[in-house]
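Topology and contacts: notes
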Amino acid sequence: MATVSLTVNGKAVTANVDPRTLLVQLLRENLRLTGTHVGCDTSQCGACVVHLDGKAVKSCTTLALSVDGATVTTIEGLAVNGVLHPMQEAFREHHGLQCGYCTPGMIMAAVDMVSRRGHSLDEATIRDDLDGNICRCTGYHNIVKAIAAGAEAMGKAATPTRKAAE
Amino acid sequence: MYAFTYHRPATARQAAGLLAKKEDAKLLAGGHTLLPTMKQRLASPTHLVDLGGCADLRGIERKGRNVVIGAMTTHAEVADSAVVREAIPSLAYLASHIGDPHVRHRGTIGGSVANNDPAADYPAALMALGATIVTNKRKLTAEEFFTGLYETALEEGEIVVRISFPLVSKAGYAKFRNPASRYALVGVFVAKRGSEVSVAVTGAGEGGVFRWPEAEAALKARFAAKSLDGIKHTAKGINADMHADAEYRAHLIGVMAREAVARATGK
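Values in this document were obtained by computation on a predicted structure and should not be read as measured data.

**Brief notes about the overall build of chain A**
Along the backbone of chain A there are five helices and five strands. Reading chain A from its N terminus to its C terminus gives the helix and strand order β-β-α-β-β-β-α-α-α-α. Here the C-alpha atoms of chain A give a radius of gyration of 16 Å, agreeing with the 15 Å that 2.2 N^0.38 yields for 166 residues. Considering only C-alpha atoms, chain A reaches an extent of 45 × 45 × 25 Å along its principal axes. Within chain A, the fraction of its 166 residues that count as buried is 48%. Taking the intrachain contacts of chain A between residues at least 6 apart in sequence as the baseline, contacts between residues at least 24 apart amount to 58%. Roughly 7,800 Å² of accessible area belongs to chain A as shown, and the carbon and sulfur atoms make up 50% of that amount. Positive and negative side-chain charges in chain A, numbering 15 and 16 respectively, have mean positions lying 2 Å apart.

Below, the structure is given as structure tokens:
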């Protein structure tokens, strides 16, 4: 067993794990954050996507011990005080899900997409960048619509905060 | 996966020390090949040496007429690097088309090169651009380094430290992606330096990446996609699997080569 310490959704956590433990297992089994899903377990489907130091990664293909000292954000870390994150709200509004299994990964990938490419995302860019996320209900159409709307909403949500800070 | 002892050295030197001392130790770079392989129990190292903490293996630098990339630099970092985009845009383009965005945040150039997957993208770039692979022990050309299917010249205890790419006058990469895995069904990297032309093919060869001398000769006479008209690669020695037979892959080599030259010449 070995010790791993990291920050998850703003909270400092420490766990004692077998070196074989994957980041997704640490999140789900040790920390009981079961919003992050295991779909394929072979780094294809993207249901396990979380943010590691601000970047989207597949937590099924990352060892827990490799992220010692890092900052991780999961789907549970997006909403603030019970208010959905603009991207979550956009998925709800545009019905960007059917069974919902891929949704946490889709939303984490979408927020990452916005941080890399900005708030104005066209359909081709979104579809291209969803390369690493699979929806087996094949409900991509509404997912793409939700991401475009969510990206725009994130821009609007960010503007007043920035102005207030200035 | 089977149990292993985990090590996280802070420098390449410490990593080399562990590799020399521990029996049956394996290096972990981005982990996007090794971890899935370990999950399937196709690999079961006793010791796993994670290079993720080695800051000295990261970074991108322009050194005179070369771009030097640390082994633990991720595909996303190469794709987004202002230095690479300006000096060798075709290399940034290649990096931006490996796997998917999440894979590119973890996968590394050193890991890709050391694994020498026959369908990986980087080996074609290293071979066509005439890159030098710098290890903790020596310097190797791409021709010396890539020795066969998943085989390299790396010896016991040897670690890829960085890769140095000389600047070229023109270069381009084109790949036909496997629609499921995003690996190259066939990928062709062309580069022109002075009067020399290199054409390197990945995804197609039974023995991994290889050069295509016939296309090089034609492009040396005139560096234009049209120069490759009528030149066909043989299906002999070309991979065949459920995704594509040898004939189809051989055909794609020509198509991708013309596309790569068109990109290199901006046409």
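**Quick look at the nonpolar core**
The biggest cluster of nonpolar side chains holds 40 residues, and the ones touching the most others in it are Leu91, Tyr122, Leu126, Leu129, Ile163, Phe165 and Phe189 of chain B. The element that contributes the greatest number of residues to this core is helix H8 (residues 122–129) of chain B, accounting for seven residues. Built from parts of two domains, this core gets at least three residues from each of domain 2 (57–166) and domain 3 (170–264) of chain B. When residues no more than four places from it in sequence are discounted, the contact partners of phenylalanine 165 of chain B are Arg65, Asn66, Val67, Ile69, Ile88, Leu91, Ile109, Leu126, Leu129 and Ala131 of chain B. Among the nonpolar cores identified, the runner-up in size contains 32 residues, and Val4, Val8, Ala15 and Cys48 of chain A belong to it.

**Let's talk about the interface of chain A and chain B**
On the side of chain B, 26 residues touch chain A, which itself brings 25 residues to the contact. A per-residue breakdown of the area chain A buries against chain B is headed by Arg20, Thr61 and Asp131 of chain A, which together make up 28% of the total. Here chain A is connected to chain B by four salt bridges. A salt bridge links aspartate 41 of chain A to lysine 39 of chain B; its shortest N-O distance comes to 2.6 Å. Applying the counting rule to chain A against chain B returns 11 residue pairs in polar contact (both at pLDDT 80 or more). Here the residues of the side of chain A that touches chain B sort into 10 nonpolar, seven polar and eight charged.

**What about the packing of aromatic side chains?**
Residues and elements named next belong to chain B. The final tally for this structure, using the stated rule, is three aromatic pairs over all chains. Geometrically, the ring pair formed by phenylalanine 145 and phenylalanine 146 is edge-to-face, given 5.2 Å between the ring centres and 90 degrees between the ring planes. Given the relative accessible area of 7%, phenylalanine 146 is considered buried. The positively charged end of arginine 41 is found above the aromatic ring belonging to tyrosine 2, 4.3 Å away from the centroid.

**Description of the domain arrangement of chain B**
All names here are of chain B. By domain assignment, chain B separates into domain 1 (5–53), domain 2 (57–166) and domain 3 (170–264). Between domain 2 and domain 3, the C-alpha centre-to-centre distance is 19 Å. Contacts between the two partners involve 23 residues from domain 2, matched on the other side by 24 residues from domain 3. Together, the buried faces of domain 2 and domain 3 total about 1,900 Å²; carbon and sulfur atoms form 61% of this surface. Where domain 2 packs against domain 3, one counts two salt bridges.

**Examining the confidence of the model for chain A**
Taken as a whole, chain A shows an average pLDDT of 94; of its residues, 95% reach a score of 70 or greater. A low-confidence stretch, residues 161–166 of chain A (pLDDT under 50), is modelled with zero contacts involving residues beyond four sequence positions or located in other chains.

**So, the pattern of salt bridges**
In this structure the tally under the stated criterion is 23 salt bridges over all chains. One salt bridge connects arginine 263 of chain B with glutamate 259 of chain B, and the closest N-O pair in it is separated by 3.1 Å. Placement of both arginine 263 of chain B and glutamate 259 of chain B in helix H11 (residues 246–264) is noted, with a separation of four residues, approximately one turn of the helix. Arginine 263 of chain B gets classed as partly exposed once you look at its relative accessible area, which sits at 36%. You can call glutamate 259 of chain B partly exposed: its relative accessible area is 34%. A network of salt bridges, in which partner residues are shared, links Asp112, Arg116, Arg117 and Asp129 of chain A.

**Let's talk about helix H10 (residues 213–221) of chain B**
Residues and elements named next belong to chain B. For H10, the complete set of buried residues consists of Ala215, Glu216, Ala218 and Leu219. End-on view of H10: buried residues confined to an arc of 165 degrees, all on one side of the axis. In H10, those exposed residues whose orientation departs by more than 90 degrees from the buried face are Pro213 and Ala221. In this fold, the buried residues of H10 make contact with strand E13 (196–202), strand E14 (210–211) and H11.

**Structural notes on the domain arrangement of chain A**
All names here are of chain A. Along its sequence, chain A is organised into domain 1 (2–77) and domain 2 (86–160). Taken together, the contacts link 17 residues of domain 1 with 13 residues of domain 2. Buried surface at the junction of domain 1 and domain 2, both sides included, amounts to about 1,200 Å², of which 59% is carbon and sulfur. When the area that domain 1 buries against domain 2 is broken down by residue, the three leading residues are His37, His51 and Ile75, summing to 40%. Viewed at the interface, domain 2 and domain 1 are joined by zero salt bridges.

Reading the values: rules and limits
- Residues numbered from 1 in each chain as written.
- Chains lettered and ligands numbered in written order.
- Predicted model: local features only at pLDDT ≥ 70, side-chain atom pairs only at ≥ 80, totals over all residues.
- Heavy atoms only, no water.
- Helix = DSSP H or I, 4+ residues; strand = E, 2+ residues; numbered from the N terminus.
- Rg over C-alpha atoms; globule rule 2.2 N^0.38 Å.
- Buried < 20%, exposed > 50% of the residue type's maximum accessible area, 1.4 Å probe, protein only.
- Contact = heavy atoms within 4.5 Å.
- Areas by Shrake-Rupley, 256 points an atom, 1.4 Å probe, with all protein chains shown as cover.
- Lys, Arg positive; Asp, Glu negative; His and termini not counted.
- Charge placed at Lys NZ, Arg CZ, Asp CG, Glu CD.
- Core = buried A, V, L, I, M, F, W, Y, C linked by side-chain atoms within 4.5 Å.
- Domains from an automatic or database assignment.
- Buried area = accessible area lost by both parts, 1.4 Å probe.
- Salt bridge = Lys/Arg side-chain N within 4 Å of Asp/Glu carboxyl O.
- Polar contact = N/O pair within 3.5 Å; in protein donor to acceptor, adjacent residues only side chain to side chain.
- Nonpolar A, V, L, I, M, F, W, Y, C, P; charged D, E, K, R; others polar.
- Phe/Tyr/Trp six-rings, centres within 6.5 Å; stacked < 30°, edge-to-face > 60°.
- Lys NZ or Arg CZ within 6 Å of the ring centre and 35° of its normal.
- pLDDT = per-residue confidence, 0-100.
- Arc of directions from axis to C-beta.

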